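The primary structure of each chain is shown beneath.
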Amino acid sequence: MNTESLGTIFLNAALVNNFVLAYFLGICPFLGVSGAVKTASKMGMAVMFVMVISSMCAFGIHTFLAAINAPYLQLISYIVVIASTVQLVEMFIKKMSPSLFRSLGIFLPLITTNCAILGVALFQTNKGYGFIESVVYALGAGAGFTLALLLIAGLREQLNFADVPQISKGTALTLFIAGILSLCFMGFAGLGAQ
Amino acid sequence: MRTTAHTPKQEGTSSAKMLRAMLGIGILSAFLIVSAFELTLPRVEKLKAEALEKAVFNVLPGTESTRSFGINSQGKIIEIAKGDTPEYTLYAGYDKDEKLVGYAVEASGQGYADLIRILYGYNPKEQVLIGFQVLESKETPGLGDKIEKEERFLENFKALDVRVTSEGLLRNKVITVKQGEKQNAWEIDGITGATISSRAIGNIIGSSTTEVVPVLRRHSLKMDGAKPLEKQAESNE
Amino acid sequence: MSRETTSSVPKATTTDEFIKGLWRENPVFVQVLGMCPVLAVSNTAENALAMGLATAFVLLMSNILVSLLRDFIPKQVRIASYILIIATFVTVTDYAIQAISVELYKSLGAFISLIVVNCLILSRAEAFASKNTVWKSTLDALGMGAGFTFALFCLGAVREILGNGSIFEWALFPEGFQNWIVMILPAGGFFTLAGWLLIINVIQTRKVKS
């Protein structure tokens, strides 16, 4: 049934169907932490990391639920497992590498309710990906998220010096930029078709 | 969110109380979810079957009833038992005299934006495709989604040549050509402005028919195309 | 999400609990919460309305239950309990929509499941339902749900009218109308929401001045 190569999956998740700009997932942190390039890159790293881990967990849960024939537990177990995984990862990092924890720390709890994480888990199940494909998909989605976050953070840093009308400051302006970026990303469409 | 901002140790609440709360909510959730699932299941399945049947009727004009089959990895037609995942899923359509109209075959492949899932109808007697429908696509609205609606494009699938050679292989692989350059009966006239999407349809049908059509043709030859498929499927086992 | 604190307002009357969600604290236009579904499924008025109602239903049910159980749930496990409750109702809604219409289910797709992580619902449970009576929480949920649905509908209607030349699939314009395809594309979602926010900013600055 599945004819996609791993490269196609990665490109599709990162560029063609960028999670932020085409699927609108993870908009909350996108609007919240995209003020400065430095925080944005850390947030992106943290999201990518959690995405890969929760994608592996989601694959495991899906296989298990399919085995016991209980598809209706899918959503509830995904969200519970992802939330607890994030907590575990947080504790683990805190213990193993305090410096990494300090740089990622505050973002980790914020990620639990990032729709992009749950989105990766749900979409990979819908698409029927295997284990390797799921991990590649999560990597691509994370990379795409980081890219979008970095781009918009860079633009917003520059815009601090621009003289825009008072009423369009803040969220409205960010959304306009996001719209234009989303149009730009449409240029990537078709990359996976050849 | 502020989930973890609170320190876990607080006086007054014992872990027994926390356990009781979580267990209580867990049981309540389980009850609600299972009852919702059980209550809606019959209707959901009926609706899904109806939607699929409608699609099969659409790609096989004149069909009154359908049966679903699969093709396994050895290229044999099998009946699908619950939980089976055959290489290809197909639906045989019969008219009101129980005569075979044709087969509807599901196929999918990479489009412009995401996977495209389609269903096409094959008439083994005439050796042509007689219908086509997009089941699922996320192609760009207004551009790529013309593959679903544009009359001129859908005309291609009224009689698309998928003849089989005497060796039992597809004579000409289906392919999409540029708009207005269709010369042979096995070519799909593409859409300007939806080049990649229409080419993707050509590729999906091309690779699917190469595999499926010879198998179906062999079948219908063996049974003269008249008897219902079910007998044949049983004798295969 | 940084703005969720704005919902802790001064004491209000009962009707006020309902009204506030519609305009003054509109979850989308003022609090900018729950953006993902707002942008993703607002490409037609019908989808937007369905999504809004589904979210409002989950919000209402979870608010009622959280408020009923507010003395039963210990503080330490409250977020976990809320998430469980919300996930339960989302699953129920998911099956209900499947049973209503396959077409609708297909066009909303995975975004129904994603109601779970809609910050709006969790923030109402945490900021309001866990501290107020069942009756007040119900009103709060109804108001917020209505405000959310209204905002989604505003977006969906604009996008469908401009992008497809129709409303609820009724053609509005004569043959020659050239659809603004960009409005149905993802980019259109960003532009429309930005436009609405601009309009609301203008209204509010006027109010402050006068």
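Residues numbered from 1 in each chain as written. Chains lettered and ligands numbered in written order. Predicted model: local features only at pLDDT ≥ 70, side-chain atom pairs only at ≥ 80, totals over all residues. Heavy atoms only, no water.

**As for the interface of chain A and chain C**
How big an interface is tends to be stated in terms of the accessible area lost upon association of its parts.
(1) Moving on: Each side of the interface is counted separately: chain A has 38 residues, and chain C has 36 residues.
(2) Moving on: A per-residue breakdown of the area chain A buries against chain C is headed by Phe24(A), Ile167(A) and Leu175(A), which together make up 21% of the total.
(3) Moving on: At the boundary of chain A with chain C, the tally comes to zero salt bridges.
(4) Moving on: Taken together, chain A and chain C are joined by one residue pair in polar contact (both at pLDDT 80 or more). (Contact = heavy atoms within 4.5 Å. Buried area = accessible area lost by both parts, 1.4 Å probe. Salt bridge = Lys/Arg side-chain N within 4 Å of Asp/Glu carboxyl O. Polar contact = N/O pair within 3.5 Å; in protein donor to acceptor, adjacent residues only side chain to side chain.)

**As for the packing of helix α6 (residues 119-129) of chain C against helix α7 (residues 134-164) of chain C**
Residues and elements named next belong to chain C.
(1) Moving on: At a minimum axis distance of 11 Å, the contact between α6 and α7 shows a crossing angle of 150°. Classified by the interaxial angle, the pair formed by α6 and α7 is roughly antiparallel. Pair α6 / α7 crosses with right-handed handedness. Here α6 contributes Leu120, Arg124, Phe128 and Ala129 to the contact with α7, which in turn contributes Lys136, Ser137, Asp140, Met144 and Phe148.
(2) Moving on: The residue inventory of the contact of α6 with α7, partitioned by class, reads five nonpolar, one polar and three charged. (Axes fitted to C-alpha atoms, helices over the stretch in contact; angles between N-to-C directions. Helix = DSSP H or I, 4+ residues; strand = E, 2+ residues; numbered from the N terminus. Parallel < 35°, antiparallel > 145°, perpendicular 65-115°, else oblique. Left-handed = near helix turned anticlockwise from the far one by under 90°. Nonpolar A, V, L, I, M, F, W, Y, C, P; charged D, E, K, R; others polar.)

**Quick word on the UniProt feature "modified residue: FMN phosphoryl threonine" (unreviewed entry) in chain B**
(1) Moving on: Per the UniProt record, "modified residue: FMN phosphoryl threonine" (unreviewed entry) is found at Thr195(B).
(2) Moving on: On the basis of relative accessibility, which here comes to 39%, the residue Thr195(B) falls in the partly exposed class. (UniProt positions renumbered as here; feature names shortened; annotations may be inferred. Buried < 20%, exposed > 50% of the residue type's maximum accessible area, 1.4 Å probe, protein only.)

**Concerning the nonpolar core**
Side chains of a nonpolar character, in soluble globular proteins, are inclined to be buried together.
(1) Moving on: By size, the foremost hydrophobic cluster in this structure holds 122 residues, and its most contacted members are Phe19(A), Leu25(A), Ile27(A), Leu118(A) and Leu193(C).
(2) Moving on: Counting residues per element, this core draws most heavily on helix α4 (residues 78-100) of chain C, which supplies eleven residues.
(3) Moving on: Here Leu25(A) is in contact with Phe19(A), Val20(A), Cys115(A), Ala116(A), Gly119(A), Phe123(A), Phe145(A), Cys36(C), Phe111(C) and Leu114(C), once residues within four sequence places are set aside.
(4) Moving on: Counting residues in each nonpolar core, the second largest holds 36 residues, with Tyr94(B), Tyr122(B), Phe132(B) and Ile191(B) among its members. (Core = buried A, V, L, I, M, F, W, Y, C linked by side-chain atoms within 4.5 Å.)

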